[in-house]
Protein chains: 2
Amino acid sequence: MAETYRNIDDIKNLLKVVPDFPKPGIQFLDISPVLRTPGAFRVLIQELERSIDFEFDKVAAIESRGFLLGSALAYNYHKGLVLVRKKGKLPGQTVAHTYELEYGTDTLEMTEDAIKPGDRVLIVDDVLATGGTAQATQTLVEKVGGEVLGHRFFIEIAPLHGRERLKNNIHSLIIEGA
Amino acid sequence: MAETYRNIDDIKNLLKVVPDFPKPGIQFLDISPVLRTPGAFRVLIQELERSIDFEFDKVAAIESRGFLLGSALAYNYHKGLVLVRKKGKLPGQTVAHTYELEYGTDTLEMTEDAIKPGDRVLIVDDVLATGGTAQATQTLVEKVGGEVLGHRFFIEIAPLHGRERLKNNIHSLIIEGA
């Protein structure tokens with residue numbers, strides 16, 4: 001018998017903690033059971049939509065699980081989808097931003113003309129942890145003159161305080177460790 | 001004035017050839033202008049849907065631009081989305097398949113229980129070139145007892161004959177070099 005998924009509480013049980021992935025000591029929260037369960041993925045997208053209380057022109061989706069959420073959102077809203085990727089993966093002219101990690105640095109890129117000055121942008125990713133990636137994406141959007149209207153995440157790891165590094169309007173469907 | 005996109009011919013002009021990416025000698029066909037142009041991305045997804053003439057249970061999307069198409073399709077059809085990724089990127093128990101490239105080999109992985117025996121699967125990626133990745137994905141799906149009903153691509157590079165390595169039912173929206 002197929003289960004019915006109506007809201008975020010219904011799909012929360014599908015999340016799976018995978019210990020020591022990708023490195024020892026990290027508890028990875030696996031969202032793929034939500035993706036592959038038909039009704040559950042639909043609820044996830046619909047709940048993200050319910051949380052979006054502003055107009056926007058483009059969705060900036062962060063590689064690579066952010067692509068999964070951003071694509072369905074951009075399609076449903078008839079908006080453009082802009083990819084934010086690790087260094088060297090995007091062809092053509094790009095803008096880059098390098099940011100600090102706990103150990104070392106990382107660089108994100110976006111195609112230079114993907115966002116026009118004045119474009120209102122929604123930034124999407126699956127998980128908000130320390131906020132470094134989301135903050136770097138915000139910086140990239142602003143570098144080319146776009147305006148970040150908000151951030152949306154499926155899951156937020158509250159004890160890492162990523163939210164504090166971002167501007168308004170931030171919303172996560174599930175808040176862990178709050 | 002916003003342009004109107006109604007069919008594949010309308011969006012074909014948005015594709016951009018980027019020379020020598022990611023390596024010298026390779027002409028990269030960049031689909032990102034289609035993604036970021038609101039009406040164009042919608043037409044792309046709708047045309048893929050018009051081409052799907054069979055029932056299926058799961059969409060297997062190939063990392064990482066296949067995620068963009070697979071996500072919107074899985075959402076619209078109320079189906080499950082299964083990720084096919086490069087080695088080491090998926091948490092938990094996975095199945096793997098290693099295949100030959102022109103120089104060396106590559107390995108794709110899928111979560112072991114993402115597809116159940118008897119699941120009817122649609123495989124999706126942005127570009128069909130030599131067909132190695134799509135064929136490896138087909139093998140992965142069959143390893144866990146799934147049935148591949150068809151392959152869908154945005155673009156097919158006809159002179160590379162990728163189609164010949166795949167089973168029925170194969171369809172690409174744009175065929176280059178035919």
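Definitions and limits used
Position numbers for residues count from 1 along each chain, tracking the sequence in the order it is written. A letter from A marks each chain and a number from 1 marks each ligand, given out in the order of writing. Whole-chain, interface and lining totals are the exception, using all residues; otherwise, since this is a predicted model, local features are given only for residues with pLDDT of at least 70 and side-chain atom pairs are given and counted only at 80 or more. Heavy atoms from the whole structure form the basis of all side-chain values; hydrogens and water molecules are not counted. Every residue is assigned a pLDDT by the predictor, reflecting its confidence on a scale from 0 to 100. The numbering of helices and of strands both runs from the N terminus, where a helix is a DSSP run of H or I of at least 4 residues and a strand a run of E of at least 2. To obtain each axis, a line is fitted to C-alpha atoms, and for helices this fit is confined to the stretch in contact; angles are then taken between N-to-C directions over 0 to 180 degrees. The sense of a crossing depends on the near helix, which, turned anticlockwise from the far helix by less than a right angle, makes the crossing left-handed and, turned clockwise, makes it right-handed. Only heavy atoms enter the contact rule, under which two residues are in contact if any of them lie within 4.5 Å. Here the nonpolar group is Ala, Val, Leu, Ile, Met, Phe, Trp, Tyr, Cys and Pro; Asp, Glu, Lys and Arg are the charged ones; every other residue, Gly included, is treated as polar. Superposition of the copies used a least-squares fit over C-alpha atoms from residues whose pLDDT is at least 70 in both. Aromatic rings from Phe, Tyr and Trp, taking only the six-membered ring of Trp, are treated as a pair when their centres fall within 6.5 Å; an angle between ring planes under 30 degrees marks them as stacked, one over 60 as edge-to-face, and anything in between as tilted. Whether a residue is buried, partly exposed or exposed follows from its accessible area with a 1.4 Å probe, protein chains only, as a fraction of its type maximum: under 20%, in between, or over 50%, in that order. A ring has a charge above it when a Lys NZ or an Arg CZ is no more than 6 Å from the ring centre and no more than 35 degrees off the ring normal.

### Let's talk about the confidence of the model for chain A
Residues and elements named next belong to chain A.
No. 1: Confidence along chain A averages 94 in pLDDT terms, with 99% of residues attaining 70 or more.
No. 2: Ranking the helices and strands of chain A by mean pLDDT puts strand E3 (residues 58–62) first, with 98, and strand E2 (residues 27–30) last, with 89.
No. 3: The ipTM, which scores confidence in the relative placement of chains, is 0.93 for this predicted complex, and the corresponding pTM is 0.95.

### Remarks on the packing of helix H3 (residues 38–50) of chain A against helix H4 (residues 65–77) of chain A
Residue and element names in this part refer to chain A.
No. 1: At a minimum axis distance of 10 Å, the contact between H3 and H4 shows a crossing angle of 65 degrees. Crossing hand, H3 versus H4: right-handed. Each of Phe-41, Leu-44, Ile-45, Leu-48 and Glu-49 in H3 lies in contact with H4, whose residues at this interface are Leu-68, Leu-69, Ala-72, Leu-73, Asn-76 and Tyr-77.
No. 2: A per-class count over the contact of H3 with H4 returns nine nonpolar, one polar and one charged.

### Side note on the relation of the copies chain B and chain A
No. 1: Between chain B and chain A, which share one sequence, the superposing operator has a rotation angle of 180 degrees and an axial displacement of 0.0 Å; the RMSD is 0.0 Å. A rotation of that kind, with that shift, is consistent with a two-fold axis. In terms of proximity to the rotation axis, the leading residue of chain B is Ala-72 of chain B, whose C-alpha is 2.3 Å off the axis.
No. 2: A high fraction, 100%, of the interface residues of chain B reappear at the interface in chain A, so the copies pair face to face through one surface.

### Comments concerning the environment of Ile-31 of chain B
Residue and element names in this part refer to chain B.
No. 1: Of note, Ile-31 is situated in the loop between strand E2 (27–30) and helix H2 (32–36).
No. 2: Along the primary structure Ile-31 and His-97 are separated by 66 residues, whereas in three dimensions their C-alpha atoms are 27 Å apart.
No. 3: Among all residues touching Ile-31, those that are not within four sequence positions of it are Leu-15, Arg-65, Asp-126, Phe-154 and Ile-155.

### Re the packing of aromatic side chains
No. 1: All chains considered together, the criterion is met by six aromatic pairs over all chains.
No. 2: Centre to centre, the rings of Phe-54 of chain A and Phe-56 of chain A are 6.3 Å apart; their planes meet at 65 degrees, and the pair counts as edge-to-face.
No. 3: Residue classification places Phe-54 of chain A among the buried positions, given a relative accessible area of 14%.
No. 4: Its relative accessible area of 1% is what places Phe-56 of chain A among the buried residues.
No. 5: An aromatic cluster is defined as three or more aromatic residues linked by ring pairs; in this entry it consists of Phe-54, Phe-56 and Tyr-77 of chain A.
No. 6: The lysine or arginine in question, Arg-42 of chain A, covers the ring of Tyr-75 of chain B, its NZ or CZ lying 4.3 Å from the ring centre.

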